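The residues making up each chain are set out below.
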Amino acid sequence: LANGHQLQLSTFAHLKKRMPLTSSDANANHAVLEDSNGRLWYALRNQIHAVATISHPQHITITLPLNAAGTEITAMFQDGAGIIWIGTMGNGIWLADPASGQVKQMQRIDKLMQANVLSMSGRGDEIWISSLEGVFHGTLQSPVDNDNWPMYQLAGMSDVNTIGTSYIYQIFMDSKRRVWFATD
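Worth saying up front: this structure is predicted, and the values here are computed from it rather than measured.

Asks: Help me out: how do you make sense of the sheet that holds strand E3 (residues 32-34) in this one?
Replies: Within a sheet, each strand pairs with its neighbour through backbone hydrogen bonds, oriented either parallel or antiparallel. Strands sit in the order E3-E4-E5-E6 across an open sheet of four strands; the sheet is antiparallel. Among the strands making up the open sheet, the edge pair consists of E3 and strand E6 (60-63). Neighbour-to-neighbour, the strand axes of this sheet turn through a mean angle of 20°, independent of strand direction.

Right, here's the structure in full:
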């Protein structure tokens, strides 16, 4: 939780201060993620940061390339291969490998290259993406492509008019792989 000047971890019984943030940084934080190793990631402007913990003492910062500078990160998701998907407002989806720090832009669907991403969710080899450009569903096709990145088959769901396509603010896939949409 960001309260205007600090990032906090909630145990629901009380809040613990994890690290100080300037008021500007707290207002710029629009996405958090707990990865498969239990590490907390947060987004600030065109960077994602992993908070240092006892089990993971190194603070990690991954910066999106300069052509994404000024980008607002709106969503993060970690897939079954350990890759962090980074959704942005206006600059599409970026993939980050936490182990190597490498970043690349998702270029499988033209509509996602400049997408305004609202939410991402999934489990294992499956991902769901909501954006102002529509809803997309993807499944892992191959563990890696020629550049050692996981390959997903992504398809737009614009033909499903019962869920709408423009304002799905959040997607959630539950433990039974049911997909829930928060709309207006």
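Asks: Is there a simple way to think about the environment of Ala 28 in this case?
Replies: Among the secondary structure elements, Ala 28 is positioned in helix H1 (residues 23-28). Considered as a pair, Ala 28 and Thr 74 are 46 residues apart in the sequence and their alpha carbons are 9.7 Å apart. When neighbours within four sequence positions are excluded, Ala 28 is seen to be in contact with Ala 43, Leu 44 and Arg 45.

Asks: What exactly am I supposed to notice about the pattern of salt bridges here?
Replies: Side chains carrying opposite charge are able to pair once their charged atoms draw close together. Under the criterion given, the structure shown has three salt bridges. For Arg 177, the salt bridge identified is with Glu 126, shortest N-O distance 3.9 Å. Here Arg 177 is found in the loop between strand E15 (168-173) and strand E16 (179-183), whereas its partner Glu 126 is found in strand E12 (residues 126-131), with 51 residues between them in sequence. Overall, the relative accessible area of 39% leaves Arg 177 in the partly exposed class. For Glu 126, a relative accessible area of 15% corresponds to the buried category. Three or more residues joined by partner-sharing salt bridges are found here, namely Asp 125, Glu 126 and Arg 177.

Asks: Can you walk me through the sheet that holds strand E13 (residues 134-142) in this structure?
Replies: Sheet architecture is open: four strands sit in the order E11-E12-E13-E14, paired in antiparallel fashion. Each having just a single partner strand, strand E11 (117-123) and strand E14 (151-156) make up the two edges of the open sheet. Shown here is a sheet whose adjacent strand axes are inclined to one another by a mean of 20°, direction ignored. Pairing of E13 with E14 involves six bridges; the strand directions are antiparallel. Within E14, the position partnered with Leu 140 by the bridge is Tyr 152.

Reading guide: rules and limits
- Residues numbered from 1 in each chain as written.
- Predicted model: local features only at pLDDT ≥ 70, side-chain atom pairs only at ≥ 80, totals over all residues.
- Heavy atoms only, no water.
- Pairing = 2+ DSSP bridges.
- Helix = DSSP H or I, 4+ residues; strand = E, 2+ residues; numbered from the N terminus.
- Axes fitted to C-alpha atoms, helices over the stretch in contact; angles between N-to-C directions.
- Contact = heavy atoms within 4.5 Å.
- Salt bridge = Lys/Arg side-chain N within 4 Å of Asp/Glu carboxyl O.
- Buried < 20%, exposed > 50% of the residue type's maximum accessible area, 1.4 Å probe, protein only.

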